[in-house]
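Tertiary structure, described
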Amino acid sequence: MAAVGILSSCITEDLPDATRQGTFQACWKALDEHYCFFEEKAAAYGLDWEAVYAQNAPAVHETMTDRQLFEVLAGMCCELRDGHVNLYAAHDVARYGRWFDDYPANYADTLERIYLGRTEDYQTAAGLRYRILDDNVGYVRCATFENNFGSGNLHELMRALALCDGLIIDVRNNGGGMLTAAQKLASVFLDTKTLVGYVRHKTGRAHNAFSAPEPIYIEPFEGLRWTKPVVILTNRRTYSAANAFVAYLKGRAGVTVVGDVTGGGSGMPLATELPNGWTLRFSACPMYDAQMRLTEAGISPDIRQDLAPDALQTGRDDIIERARTLLRQ
């Protein structure tokens, strides 16, 4: 999910000045008062945010360089193990990557080009690339939700694939973008107004201060909709708004998720500026699926499938082929 706003008055009030220690204090305080997953992280791996402060504060002094300060703040942010927690400076962006680095890639753009073919073999609309494979299965590559889809784009997509026996939606390596785009694509597969999840908002500075869950509904697409079987392909880099897209549709009739556990990223990110001009981005609003389950740690596929070690040599994408087999059955 893209950042949906900049927190200013609620975070920057009474901030220390742009000293090294002032910047450190502002960074820790912004997270302490507004980050949304402290309780979940404590339960998952024993995160102690006060201990993180005690460990890092003594390392900050006024004679350190910008890069040294950045290293301390980056290490502190990575203690949250959250891909939505980033620190932006002129020379680097702090990011936590073990949520995907420690897992198989399960995707290769070389294989994608084999299945999509040459430029003249596939169509493209609003960033979606699609074609009909030789077994009459439709293949749609959705690499990002950074751009909204127009109703005309999705209507023409459905019209072009209407005669297919089944449909593959490939959101592997989709790092997210706009929730509205994920919801618009999901609406193609819904026949009625559907409860797809919930969101909560921080109501105070305490780690557990949240509003009551607010329901998220998606209206069915107003144009042509897909009513036949669909398989969604996932891997660990299926993240943020793409993670939400999977949560919206998993468990629906005719929908099967194939691949690896998604990367998670179920917290809606916001950002604030630190006293020295760096930008801190973090998860501020927890989001849940329709059963009020948090998907921050990722969504398990219905069918687990990895790429074979020799996939690039054989030119065969085992995850796509597993989906095609399911749809033919």
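What follows concerns the pattern of salt bridges. As enumerated under the stated definition, the model contains 21 salt bridges in all. For the salt bridge of R328 with D135, the shortest nitrogen-to-oxygen distance reads 2.7 Å. On the criterion of sequence distance, the pair formed by R328 in helix 12 (residues 318–328) and D135 in the loop between strand 4 (128–132) and strand 5 (137–142) is long-range, its members being 193 residues apart. Measuring nitrogen to oxygen at the nearest pair gives 2.8 Å for the salt bridge that ties E156 to R159. Residue E156 and its partner R159 are both found in helix 8 (residues 151–161); the two are separated by three residues, about one turn of the helix. Take R159: its relative accessible area is 53%, and that puts it in the exposed class. When salt bridges that share partners are traced, they join E112, R129, R141, D170, R172 and D317 into one network.

Looking now at the pairing of strand 10 (residues 255–259). The buried fraction of strand 10 is high, at four of five residues. As paired elements, strand 9 (residues 230–234) and strand 10 share five bridges and run parallel to each other. Looking at strand 10, one finds that V230 is bridged to V255. Each parallel crossover has a hand, and the one from strand 9 via helix 10 (residues 241–249) to strand 10 is right-handed. Sheet topology places strand 10 next to strand 13 (residues 303–304); two bridges connect them, and they run parallel. When the bridges of strand 13 are listed, V258 appears paired with I303.

Conventions and cut-offs
Residues numbered from 1 in each chain as written. Predicted model: local features only at pLDDT ≥ 70, side-chain atom pairs only at ≥ 80, totals over all residues. Heavy atoms only, no water. Salt bridge = Lys/Arg side-chain N within 4 Å of Asp/Glu carboxyl O. Helix = DSSP H or I, 4+ residues; strand = E, 2+ residues; numbered from the N terminus. Buried < 20%, exposed > 50% of the residue type's maximum accessible area, 1.4 Å probe, protein only. Pairing = 2+ DSSP bridges. Right-handed = clockwise from strand over helix to strand, strands pointing away.

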